[in-house]
Each structure stands twice: as structure tokens, then as C-alpha cells.
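Descriptive structure summary
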Amino acid sequence: MMQTANMAGMLVGSLLCGVVSDKVGRKPTLMLSLAPLLLGGCLPLSFPSSPDYYPLLVLARFISGFGAVGAFIMSLCLSLEYVGASYRVMLGILIQVSHAKESPHVEQILCKVPFSLGGLLVGFVSWAGVRDWKLLMFSLSIPNLFILSYWCFLPESPRWLLVQKDQEEYEKVIKMAARINRKPLPNKIASPLLNNPIKIKVLDEKSSTLDIFRSGILMRRSLVMIFNWMVVFLCYFGITMTSSSFR
């Protein structure tokens, strides 16, 4: 029941966070996702361990799932929108996304490393002395507060800024990236999307989720990704949920 509530929270969170990020930006949405993530992990401390409070525990798992998937999607989205196409495969792998091409077996192994480390961390914290499940959830949730400090130095997605036609902020982010990477910039760094009348017209048109089904290529790729994620989640959570029964 609790795992179902967590997955339901992830479903709702993935839908809402995507819409919110398109409206207000990737960076604010990432910070907003931390609130339910923290609340879901800290809420069990507010009620006793009694069957009467089981619905509250289910609610806490739903809230945690909502915040966790929001933070995950925004971290993924920001990371991939910061870099060029040639870096997205490896960066995606490091955030537990596999884009297997030249070396599928190595990449599929590497893409499981972050999740495996997260699972080991829970065991290490418990082994170190935090045996109470409420304190364990609290201890693993509180470090998310440090992510709030990212607001001071984490730039907004340049691709999102292009869509919003925020030329000033876009140039600021690009200049910062060039300075960090020690790469020269041309005299004119104005975005092609902001200067090309054909692409501006495309950006001005309203889009919706149904647009992926109006293009044959997008529809096929989306359906394949949906199927792949269903298989991955069924395998991952199936093994996770039954691991306690292994002998």
C-alpha cells in the first residue's frame, strides 16, 4: 500500500512538475519540489507508530513520491539542457538515464550506479546507528535542505530562457558558461532562435502534450520510451519490494 502511494505521488508529481517548469522555469520548480520531499520524510515524526495512523503514513509516502520525482525530473532536465548534444549521453547516464549506443552493456551497468549508491546509503545510515524507521526517514530527508543553497549559483536553463525570449538572462548564462569552460564567445551571441523569424513563429505557437502524437517520429519514440520505463520500473520496484523475503 505504501509503495503504491509512493508511485501514485510520482505519477502526479511528474505530470504537474513538468507543466509548472514550462511556466515558471526549471530552477524554481526544482526548489519547490524540495518542500513535499522534506514534508513527506519528516511527517511520520509527528504521529505515533500505531495502526490508527496508517493513513497518515500512506499520505506521507504519497507526498514523498510527489517531491522526489519533481526533484529528479528537474535535475535531469536542467543538466541535459545545460550541455550540448555530444555530452548528453554520458550526463544522462550519470543521472540514471541510459542512452545505449556504441557500448550498451557498459552504459546499462553505469546507469544503475546512482540508484545502487542511494540504496546502499540507506543501509549504511541504519548500520551506523539510526535504527528507528522514523528517524531514518528524517535523517535521509533533511540533507535536501542543502539543495536550497543551489539557488545562489545554479543558473536557469538557457533553453528555457530561449523559449521565454529572455535575451538578457540568456546572454548572462551563456557568458558564465563560456568563462567557466574557458571558451571564447563570438562578438554577437544573440540566440538564433530569437533572431530567426521562422523559429520565432514556431515558439509563439501554443503547444500541448497531444503534439507528440501528431508527429510520427515523436509518437513512435514516445511510445517506446513509455514502454521501456514501464518495464524498468516493474523490474526495479518488483525486486526492491520483494528483497526483504529473500533468504
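Conventions we followed
- Residues numbered from 1 in each chain as written.
- Predicted model: local features only at pLDDT ≥ 70, side-chain atom pairs only at ≥ 80, totals over all residues.
- Heavy atoms only, no water.
- Phe/Tyr/Trp six-rings, centres within 6.5 Å; stacked < 30°, edge-to-face > 60°.
- Lys NZ or Arg CZ within 6 Å of the ring centre and 35° of its normal.
- Salt bridge = Lys/Arg side-chain N within 4 Å of Asp/Glu carboxyl O.
- Buried < 20%, exposed > 50% of the residue type's maximum accessible area, 1.4 Å probe, protein only.
- Helix = DSSP H or I, 4+ residues; strand = E, 2+ residues; numbered from the N terminus.
- Axes fitted to C-alpha atoms, helices over the stretch in contact; angles between N-to-C directions.
- Parallel < 35°, antiparallel > 145°, perpendicular 65-115°, else oblique.
- Left-handed = near helix turned anticlockwise from the far one by under 90°.
- Contact = heavy atoms within 4.5 Å.
- Nonpolar A, V, L, I, M, F, W, Y, C, P; charged D, E, K, R; others polar.
- 1 Å grid on protein atoms, 1.4 Å probe; cavity = no way out; pocket = protein on both sides within 12 Å on 5 of 7 lines; lining within 4 Å.
- Points joined across faces, edges and corners; volume = space filled by probe spheres on them.

1. Structural notes on the packing of aromatic side chains
Per the stated rule, a full pass over the model turns up two aromatic pairs. Note on Phe47 and Tyr53: the rings are 6.0 Å apart at their centroids and 10° apart in plane angle, and the pair reads as stacked. Ring geometry for Tyr150 against Phe153: centres 5.6 Å apart, planes inclined by 50°, an arrangement best described as tilted. Against the face of Trp151 rests Lys27, its NZ or CZ located 4.4 Å from the ring centre.

2. Focus: the pattern of salt bridges
Two side chains carrying opposite charge are able to pair once their charged atoms lie near each other. Evaluation of the coordinates by the stated rule reveals three salt bridges. For Asp22, the salt bridge goes to Arg26, with nearest N and O atoms at 2.8 Å. You can call Asp22 partly exposed: its relative accessible area is 45%. By relative accessible area, which is 10% here, Arg26 ends up buried. Because the salt bridges share partners, they merge into one network encompassing Asp22, Arg26 and Glu81.

3. Details of unusual backbone geometry
At Arg182, a position not held by glycine, the phi torsion is positive, near 55°. As for its placement among the helices and strands, Arg182 is situated in the loop between helix H9 (167-181) and helix H10 (192-195).

4. Some points on the packing of helix H1 (residues 2-24) against helix H3 (residues 54-82)
Two measures define how a pair of helices packs: the angle their axes make with one another and the distance between the axes. The geometry of H1 relative to H3 is characterised by a closest axis approach of 6 Å and an angle of 40° between their N-to-C directions. Between H1 and H3, the angle is such that the two are oblique. H3 is crossed by H1, and the crossing has right-handed handedness. Packed against H1, whose contacting residues are Met2, Ala5, Asn6, Ala8, Gly9, Met10, Val12, Gly13, Ser14, Leu16, Cys17 and Ser21, the element H3 presents Tyr54, Leu57, Val58, Arg61, Phe62, Ser64, Gly65, Phe66, Val69, Gly70, Ile73 and Met74 at the interface. Looking at side-chain class alone, the contact of H1 with H3 contains 15 nonpolar, eight polar and one charged residues.

5. A closer look at the packing of helix H2 (residues 26-42) against helix H7 (residues 133-141)
Relative orientation of the contacting elements H2 and H7 amounts to 160°, with a least axis distance of 8 Å. It follows that H2 is roughly antiparallel to H7 by the angle criterion. Our pair here, H2 against H7, has a crossing hand that is left-handed. Within the contact between the two elements, H2 uses Leu37, Leu38, Gly40, Gly41 and Cys42 and H7 uses Met137, Phe138 and Ser141. Grouping the amino acids of the contact of H2 with H7 by side-chain chemistry returns five nonpolar, three polar and no charged.

6. Some remarks on the layout of surface pockets
Its boundaries defined by the atoms lining it, the second largest pocket holds a volume of some 630 Å³. As for the second largest pocket, its lining consists of 20 residues, of which Tyr82, Val83, Pro158, Ala177 and Asn181 are closest to the centre. For the lining of the second largest pocket, the elements supplying multiple residues, two or more each, are H3, helix H8 (158-164) and H9. Considering every element that reaches the lining of the second largest pocket, the biggest residue donor is H9, with eight residues. In terms of residue class, the lining of the second largest pocket is built from 15 nonpolar, two polar and three charged.

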